[in-house]
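Structural overview for review
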Amino acid sequence: MLSVTTALTRVVVGLALAAIITASASTVTWSAPAPGADLQPVGDAAGRVMITQDGADVVWVSEDGPVATVMTLGWEVQDGNVELGGAMTLETVYRTTGEIGIGEPPKSVSFTFES
């Protein structure tokens, strides 16, 4: 009886893990190599979200369904002895297109999809 329970437990745990992995969100990122540079896809980002960038303005179009959230990071700034972290915006969007404008070319933009 113990072996049946153990095998059943393994199956239930395996199914639970599969459900969690399947239901988890996935994220793709576009990142700039240096301040002022254009964003470049990281991994398979180009196949999931198209980016058009004109300086600080970024227009995006999802090729893979609605985007749940968009997180934009700006570059760090140093003024003498004061160092400031870059701007960060996090938007809940649930759409397939959008515009990003943080007033400067972004350091990175991440798009999260809900599975």
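Note: the structure precedes this text.
Let me sum up the structure you'll find in this document. Predicted model only: the values in this text are computed from it and were never measured.

**With respect to the pattern of salt bridges**
One pass over the full model with this rule turns up two salt bridges. Here R48 and D64 are joined by a salt bridge, their closest N and O atoms 2.7 Å apart. With R48 in helix 2 (residues 45-48) and D64 in the loop between strand 4 (57-62) and strand 5 (67-73), this pair connects stretches of sequence that are 16 residues apart. E76 serves as the salt-bridge partner of K107, at 2.9 Å between the closest nitrogen and oxygen. Of the two residues, K107 is situated in the loop between strand 9 (97-101) and strand 10 (108-113) and E76 in the loop between strand 5 and strand 6 (77-79); the sequence distance between them amounts to 31 residues. Since its relative accessible area comes to 25%, K107 is described here as partly exposed.

**Topic: the packing of aromatic side chains**
This structure, assessed with the given rule, holds one aromatic pair. Its end group placed over the ring of F113, R48 keeps NZ or CZ at 4.3 Å from the ring centre.

**Some thoughts on a nonpolar patch on the surface**
Where nonpolar side chains cluster on the molecular surface, the patch consists of V77, V82 and L84 and spans about 250 Å² of accessible area. Along the polypeptide, V77 turns up in strand 6. On the basis of relative accessibility, which here comes to 42%, the residue V77 falls in the partly exposed class.

**Regarding the pairing of strand 5**
Both strand 5 and strand 8 (residues 88-95) contribute to a ladder of six bridges, which runs antiparallel. Looking at the pairing, V70 lines up with E91 of strand 8. In this sheet, strand 10 lies alongside strand 5 in antiparallel orientation, the contact comprising five bridges. Each bridged residue has a counterpart across the sheet, and for V70 the counterpart in strand 10 is F111.

Thresholds applied
- Residues numbered from 1 in each chain as written.
- Predicted model: local features only at pLDDT ≥ 70, side-chain atom pairs only at ≥ 80, totals over all residues.
- Heavy atoms only, no water.
- Salt bridge = Lys/Arg side-chain N within 4 Å of Asp/Glu carboxyl O.
- Helix = DSSP H or I, 4+ residues; strand = E, 2+ residues; numbered from the N terminus.
- Buried < 20%, exposed > 50% of the residue type's maximum accessible area, 1.4 Å probe, protein only.
- Phe/Tyr/Trp six-rings, centres within 6.5 Å; stacked < 30°, edge-to-face > 60°.
- Lys NZ or Arg CZ within 6 Å of the ring centre and 35° of its normal.
- Patch = residues over 30% accessible without salt bridge, like charges linked within 9 Å, V, L, I, M, F, W, Y side chains within 5 Å.
- Areas by Shrake-Rupley, 256 points an atom, 1.4 Å probe, with all protein chains shown as cover.
- Pairing = 2+ DSSP bridges.

The analysis is restricted to geometry; functional conclusions fall outside its scope.
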